[in-house]
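# Fold and geometry: a report
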Amino acid sequence: MTDTAAPSYAPSYVDPARPPRKKWRLVRGVWKFLVAIKDALVLIAMLLFFGLIFAALNARQSTTAIKDGALVLDLNGSIVEQPEEQAAFAALSGQNRTRQFRLRDVVRSIDTARTDARVKVVVLDLDSFGGAYPAALGEVGDALARVRASGKPVLAYATAYTDGGYRLAANASEIWVNPLGGTIFMGPGGNQLYYKGLIDKLGVNAHVYRVGRYKSFVEPYTRADQSDDARAASTALYGTLFAQWREAVAKARPKAQIAQFMSAPDKVILAANGNIADANLRAGIVDKLGDRTSFGRRVAEIAGSDANKPAGNYNAIKYDAWVKANPLHTAGDSIGVLTIAGEIVDGESGPGKAAGKTIEKAVLDGLAKKTLKALVVRVDSPGGSVMASEQIRLAILEAKRQKLPVVVSMGGLAASGGYWVSTPADVIFAEPGTITGSIGIFGVIPTFENALAKIGVTSDGVKTTPLSGQPDITGGTTPMFDAIAQAGIENGYRQFVSRVAASRKMTPARVDEIGQGRVWDGGTARQIGLVDRFGTLQDAIDEAAKRAKLDPAKVHAEYLEKKPGFLATIAQDFGNDGDDDAGGGDAFAHVAADRRQMLARAVGDMKRLATSGSIQARCLECGGMGPTAAGIGDAKLLDMLLARIGF
């Protein structure tokens with residue numbers, strides 16, 4: 001028998017001080033994770049550190065005495081009732097952001113400049129003006145007219161004035177335009193995007209439930225063009241607002257030959273050999289032609305300048321510093337002012353959107369202090385969620401239960417849901433240019449059964465009741481669900497009508513007659529009883545004081561709104577500081593920018609169609625007369641889309 005020896009292996013040396021390989025990998029991974037946390041914390045700390053330094057410096061600058069000079073209103077953005085909150089450190093990321101100016105701050109800055117000897121001249125820089133609703137333009141224009149009437153100069157400059165920009169500039173004592181620029185007036189109106197063709201190609205079914213012959217907000221999803229009813233309503237609205245624009249411009253500059261630029265602009269410009277600026281000058285639309293340096297020299301003649309700085313400089317008072325130096329007064333009894341600005345949405349949100357829960361909390365917290373003597377509701381909204389609108393309305397009614405007078409002040413826009421929240425008012429103020437009405441509601445539910453079928457996807461399943469799985473976005477809705485949804489919309493409309501009827505002391509039949517989703521200008525709204533008086537927010541505050549048996553001169557407005565957070569304040573300071581963009585481009589650049597904003601709003605519309613989950617009271621026509629800039633969310637969405645496709 002053969003003896004087979006077992007194999008022999010040399011023992012390997014193991015260092016007892018060295019951990020096993022798997023444990024070593026774990027240690028290295030933990031170490032890298034801790035280092036990453038450390039780096040992140042250091043970065044955050046640095047950002048906060050420099051932010052605090054900047055905020056401190058900015059605060060110190062704001063307390064510096066204002067020196068004599070020109071108050072510069074560089075309106076490089078839109079004028080709105082309530083600016084959206086900027087994302088923290090958005091300016092550091094290189095994002096291009098359009099600024100939003102708070103209407104009441106702009107008006108206060110102009111009115112205080114009128115009586116302050118340190119302000120030698122008011123300068124309007126409208127090169128990058130993003131527009132505002134007609135009522136807001138009227139309020140700012142009137143403030144500028146008061147400065148001009150006081151004898152203090154108001155000088156305006158732009159490469160090319162928009163219609164809204166010229167509505168303000170018309171109140172200036174001198175209007176300047178760049179010789180290579182010029183102004184062509186467009187008038188309100190234009191094309192609205194319709195998505196029916198795209199929806200059909202994608203295989204999306206837009207199930208629409210609506211009440212209101214003129215409730216045209218849903219038309220872009222159901223039609224390829226404008227309906228006759230919507231066209232008639234828009235023609236009337238735009239015609240009235242355009243007539244108000246022309247009347248205001250004629251009052252401010254009676255010698256300006258505006259009519260020929262409206263009826264036959266080609267003939268006027270061809271007669272000037274294509275020199276638009278020269279044609280403007282000949283027609284008295286502008287007073288001077290000159291570049292920014294020439295304009296700066298003219299301002300320096302009034303405000304003074306620094307001989308050590310480049311040509312065209314002048315002693316300037318910055319807008320933000322002036323607003324901080326002239327805060328709202330706080331003496332006397334408190335009149336609460338509740339701002340409902342932007343789209344009305346469910347839940348919570350920051351400034352610039354009217355979120356039901358957020359506004360409800362602001363009202364109830366304000367009333368809980370027991371210091372308010374009356375409530376003024378400032379509305380500047382195209383509407384939105386019916387549920388959120390009713391939540392806000394009920395919160396306002398709580399003020400009435402506490403025996404406080406309630407006065408509504410409509411800004412540029414108070415339509416649909418914006419009118420719904422106005423119904424608790426004892427009296428409603430508006431401006432002739434306010435856009436209001438649109439009493440009607442709708443709901444849209446998109447389903448994707450046809451789109452899925454194109455790629456071979458179908459749906460099926462067990463249903464225990466006729467409504468199991470409804471609304472089914474993958475298989476479509478059923479006739480029974482459609483009937484129930486439409487009945488719910490009709491019931492919501494009846495509630496809307498009943499609230500308006502009780503508020504305005506009308507019969508439901510009369511409200512239905514002027515309702516049906518029809519949008520009205522403020523002047524017509526007053527004639528038909530939807531509005532009581534013409535007046536500004538200050539007029540509404542004065543009326544509220546009188547109804548509370550107080551002297552309007554001895555009260556102050558206490559705004560019931562969330563104060564911006566620390567990071568948001570820093571973001572605003574970063575965004576508002578630094579050198580201003582000196583040019584807004586020529587007329588063609590303005591047109592290109594407007595088209596981009598239109599595209600951004602279209603992208604946002606498609607997102608809202610896909611994500612909207614509630615009954616809506618919203619106005620379509622309202623968007624055509626307001627600020628040209630799209631909302632921050634829509635602009636970000638467009639940037640993301642363009643980046644994805646390589647632009």
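Here we summarise the structure given alongside this text. The model shown is predicted, which means the values in this text are computed figures rather than measured ones.

Here the focus is the overall build of the chain. The secondary structure content of the chain amounts to 23 helices and 22 strands. Each of the 647 residues in the chain was classed as buried or not, and the buried ones make up 47%. Within the chain, counting contacts between residues at least 6 apart in sequence, those at least 24 apart form 77% of the total. Surface exposure of the chain reaches about 32,100 Å², of which carbon and sulfur atoms provide 57%.

Right, let's get into the layout of surface pockets. The volume enclosed by the second largest pocket comes to roughly 530 Å³. Taken together, 23 residues line the second largest pocket, and the ones lying closest to its centre are Thr-358, Ala-362, Leu-560, Glu-561 and Lys-562. Those elements giving two or more residues to the lining of the second largest pocket turn out to be strand E10 (333-341), helix H13 (356-368) and strand E21 (555-559). It is H13 that contributes the most residues to the lining of the second largest pocket, seven residues altogether. Its residues placed into classes, the lining of the second largest pocket shows seven nonpolar, six polar and 10 charged.

What follows covers helix H3 (residues 134-149). The end-to-end C-alpha distance of H3 is 22 Å, a good match for the 22 Å that 16 residues give at a rise of 1.5 Å each. The complete set of buried residues in H3 reads Pro-134, Ala-135, Ala-136, Leu-137, Gly-138, Glu-139, Val-140, Gly-141, Ala-143, Leu-144 and Val-147. The first or second residue beyond H3 is Gly-151, which carries a positive phi of 100 degrees.

Moving on, we get to the packing of aromatic side chains. Evaluated as defined, the whole model comprises 12 aromatic pairs. Between the aromatic rings of Tyr-161 and Tyr-166, the centroid separation amounts to 6.1 Å while the plane-to-plane angle is 80 degrees, which identifies the pairing as edge-to-face. According to the relative accessible area criterion, Tyr-166 is buried, its value standing at 0%. Here Tyr-166 and Phe-185 contribute two aromatic rings whose centre-to-centre distance is 5.2 Å and whose plane-to-plane angle is 65 degrees, an arrangement assigned as edge-to-face. Of this pair, Tyr-166 sits in helix H4 (residues 163-169) while Phe-185 sits in the loop between strand E6 (174-177) and helix H5 (196-202); the two residues are 19 residues apart in sequence, bridging distant segments of the chain.

Okay, the sheet that holds strand E1 (residues 69-74) next. Ordered by their spatial adjacency, six strands build an open sheet running E8-E6-E5-E4-E1-E9, and the pairing between neighbours is parallel. Looking at strand neighbours, the two that pair on one side only are strand E8 (288-289) and strand E9 (316-318), the edges of this open sheet. As paired elements, E1 and E9 share three bridges and run parallel to each other. Residue pairing in the sheet places Ala-70 in a bridge with Ala-316 of E9. Where helix H11 (residues 292-303) meets the sheet, it contacts E1, strand E4 (119-125), strand E5 (154-158) and E6, and its direction lies at approximately 160 degrees from that of E4.

Moving on: the pairing of E4. The buried fraction of E4 amounts to six of the seven residues, a majority that puts the element mostly inside the structure. Of the pairings in the sheet, the one linking E4 to E5 comprises four bridges and is parallel in character. Bridge assignment links Val-123 to a residue of E5, and that residue is Leu-155. Each parallel crossover has a hand, and the one from E4 via H3 to E5 is right-handed.

The rules behind the values
- Residues numbered from 1 in each chain as written.
- Predicted model: local features only at pLDDT ≥ 70, side-chain atom pairs only at ≥ 80, totals over all residues.
- Heavy atoms only, no water.
- Helix = DSSP H or I, 4+ residues; strand = E, 2+ residues; numbered from the N terminus.
- Buried < 20%, exposed > 50% of the residue type's maximum accessible area, 1.4 Å probe, protein only.
- Contact = heavy atoms within 4.5 Å.
- Areas by Shrake-Rupley, 256 points an atom, 1.4 Å probe, with all protein chains shown as cover.
- 1 Å grid on protein atoms, 1.4 Å probe; cavity = no way out; pocket = protein on both sides within 12 Å on 5 of 7 lines; lining within 4 Å.
- Points joined across faces, edges and corners; volume = space filled by probe spheres on them.
- Nonpolar A, V, L, I, M, F, W, Y, C, P; charged D, E, K, R; others polar.
- Expected span 1.5 Å × (residues − 1).
- Phe/Tyr/Trp six-rings, centres within 6.5 Å; stacked < 30°, edge-to-face > 60°.
- Pairing = 2+ DSSP bridges.
- Axes fitted to C-alpha atoms, helices over the stretch in contact; angles between N-to-C directions.
- Right-handed = clockwise from strand over helix to strand, strands pointing away.

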